Amino acid sequence: MSVHINAEKGAIADKILLPGDPLRAEFIANKYLENPVCYNKVRGMLGFTGMYKGERVSVQGTGMGLPSLSIYANELIREYDVKKLIRVGSCGSMQKDIHVRDIILAMSSSTNSSMNKNRFKGMDFAPTADFSLFRNALDVAKGSNLEIKAGNVLSSDSFYTDDPDEWKMWAAFNVLAVEMETSALYTLAAKYGVSALSILTVSDSLVTWEETSSEEREKTFTQMMELALDVIIKK
Ligand SMILES: O=P(O)(O)O[C@H]1O[C@H](CO)[C@@H](O)[C@H]1O
Ligand SMILES: O=c1cc[nH]c(=O)[nH]1
């Protein structure tokens, strides 16, 4: 048991999918896992373990933002020996050629968060995807004829910003999209020597203002979910 996850040791697989939304975790478990067992309900942050194509896989909600993701990633890695973590998140596109429902692999993450500024005493660390997971994602996507984008994403501390044009500064440097967790996930994976990748579906566009509903963000990003499941079990 850890402070935020009341699962027994061994109840969580060493491969895990991490949506921010705990109801997306429940949806993934019920739709894709055989015999899913709910191992966590603390704070409503649902976690499940089951079988996917013969492999034991877990899926755990992380909540929103770097601090919340960091709590779950720390406990999953340090207390439950999780080795492969794939975030399955939503994001807002910053580029006109990246559309709602496109899938993005986050190769790296920029951030406006102070977490790594504090950790690295004001110096810059470059949070980066695990190469094997990234390569496996490219292979699986190619095998399924799934078109994906890849590049730098912004992990923001704020969903609502005071300056409505702030994103344009990042967009001008070819940052593809904004979300709120990847920088922390990649940093903790590097620290603990485990593998992490963020796969994101574009839920809305900062360019066109097109957007999806909360229910669509919970239940309809199935291409991303299937890609992540096939990547996490790939040898
Ligand atoms: O859909 P999830 O995985 O929660 O990801 C995105 O959605 C939330 C904001 O609506 C933030 O957590 C952001 O990173
Ligand atoms: O953090 C996020 C997630 C989805 N869409 C956004 O605009 N921001």
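Structure shown above.
Every value quoted in this text rests on a predicted model; they were computed, and no experiment measured them.

Asks: Requested: an account of the overall build of the chain, with residues and values cited.
Replies: The secondary structure content of the chain amounts to 8 helices and 9 strands. Scored against the burial criterion, the 235 residues of the chain give a buried share of 54%. Put simply, 76% of the contacts in the chain that link residues at least 6 apart link residues at least 24 apart. Put simply, the chain shows about 11,200 Å² of open surface, and 52% of that area lies on carbon and sulfur atoms.

Asks: Describe in detail the pairing of strand β7 (residues 148-155), supporting the description with residues and values.
Replies: Judged from the 8 bridges that link them, strand β6 (residues 103-111) and β7 form a sheet pairing that is parallel. Looking at the pairing, A106 lines up with G151 of β7. Sheet analysis places β7 next to strand β8 (residues 177-179), joined by 3 bridges and oriented parallel. Looking at the pairing, V153 lines up with A177 of β8.

Asks: Describe the site of ligand 1, and please don't skip the residues or the numbers.
Replies: Near ligand 1, the surroundings consist of G20, D21, R24, M64, R87, G89, S90, F159, E179, M180 and E181. At a separation of 2.7 Å, an oxygen atom of ligand 1 approaches a polar side-chain atom of R24. E181 places a side-chain nitrogen or oxygen 2.5 Å from an oxygen atom of ligand 1. Protein contact buries 89% of the 340 Å² of open area that ligand 1 shows by itself.

Asks: Which residues make up empty space enclosed by the protein, and what are the values?
Replies: Applying the stated criterion across every chain, the model contains 1 cavity of 30 Å³ or more. Taken together, L66, T111, S113, M115, N116, R119, S183, A184 and T187 form the lining of the largest cavity. Only α3 (115-119) and α6 (182-192) provide two or more residues apiece to the lining of the largest cavity. Counted by class, the lining of the largest cavity contains 3 nonpolar, 5 polar and 1 charged residues.

Asks: Please provide a residue-by-residue account of the packing of aromatic side chains, values included.
Replies: Summed over the entire model, instances satisfying the criterion amount to 2 aromatic pairs. Each ring, one from F120 and one from F125, has its centre 4.9 Å from the other, and the planes form 10°; the classification is stacked. On the basis of an interplanar angle of 80° and a centroid distance of 4.7 Å, the ring pair of F159 and Y160 is categorised as edge-to-face. Just as F159 is exposed, Y160 falls in that class too. Against the face of Y80 rests K9, its NZ or CZ located 5.9 Å from the ring centre.

Asks: So what's going on with the packing of helix α1 (residues 22-32) against helix α8 (residues 222-233)? Residues and values would help.
Replies: Packed helices, taken two at a time, are described by the angle between their axes plus the distance between the axes. Between α1 and α8, the shortest axis-to-axis distance is 12 Å and the interhelical angle comes to 70°. Relative to α8, the element α1 is oriented roughly perpendicular. The way α1 lies across α8 gives a crossing that is right-handed. Judged by residue contacts, R24, F27, I28, K31 and Y32 of α1 engage T222, M225, E226 and L229 from α8.

Asks: Before we move on, could you go through the pairing of strand β1 (residues 15-18) and cite the residues and values that matter?
Replies: Residues K15 and L17 line one face of β1 and the alternating positions I16 and L18 line the opposite face, and both faces are buried. Here 4 bridges tie β1 to strand β5 (residues 84-93), and the two strands are oriented parallel to one another. Residue L18 lies in a different strand from β5, and its bridge partner there is R87. As paired elements, β1 and strand β4 (residues 55-60) share 2 bridges and run parallel to each other. Of the residues in β4, the one forming a bridge with I16 is S58.

Asks: Describe the site of ligand 2, naming the residues involved and giving the relevant values.
Replies: Around ligand 2, the neighbouring residues are S90, C91, G92, F159, V178, E179, M180, S203, D204 and L206. One of the backbone N or O atoms of G92 is found 3.3 Å from a nitrogen atom in ligand 2. Within the side chain of D204, an N or O atom sits 2.7 Å from a nitrogen atom of ligand 2. Burial of ligand 2 by the surrounding chains reaches 88%, relative to a free accessible area of 240 Å². A majority-of-atoms criterion places ligand 2 in the largest pocket. It is β5 that provides the largest number of residues to the shell around ligand 2, a total of 3 residues. Considered class by class, the residues forming the shell around ligand 2 number 5 nonpolar, 3 polar and 2 charged.

The rules behind these values
- Residues numbered from 1 in each chain as written.
- Chains lettered and ligands numbered in written order.
- Predicted model: local features only at pLDDT ≥ 70, side-chain atom pairs only at ≥ 80, totals over all residues.
- Heavy atoms only, no water.
- Helix = DSSP H or I, 4+ residues; strand = E, 2+ residues; numbered from the N terminus.
- Buried < 20%, exposed > 50% of the residue type's maximum accessible area, 1.4 Å probe, protein only.
- Contact = heavy atoms within 4.5 Å.
- Areas by Shrake-Rupley, 256 points an atom, 1.4 Å probe, with all protein chains shown as cover.
- Pairing = 2+ DSSP bridges.
- Near = heavy atom within 4 Å.
- Polar contact = N/O pair within 3.5 Å; in protein donor to acceptor, adjacent residues only side chain to side chain.
- 1 Å grid on protein atoms, 1.4 Å probe; cavity = no way out; pocket = protein on both sides within 12 Å on 5 of 7 lines; lining within 4 Å.
- Points joined across faces, edges and corners; volume = space filled by probe spheres on them.
- Nonpolar A, V, L, I, M, F, W, Y, C, P; charged D, E, K, R; others polar.
- Phe/Tyr/Trp six-rings, centres within 6.5 Å; stacked < 30°, edge-to-face > 60°.
- Lys NZ or Arg CZ within 6 Å of the ring centre and 35° of its normal.
- Axes fitted to C-alpha atoms, helices over the stretch in contact; angles between N-to-C directions.
- Parallel < 35°, antiparallel > 145°, perpendicular 65-115°, else oblique.
- Left-handed = near helix turned anticlockwise from the far one by under 90°.
- Sits in = over half its atoms within 2 Å of the grid points.

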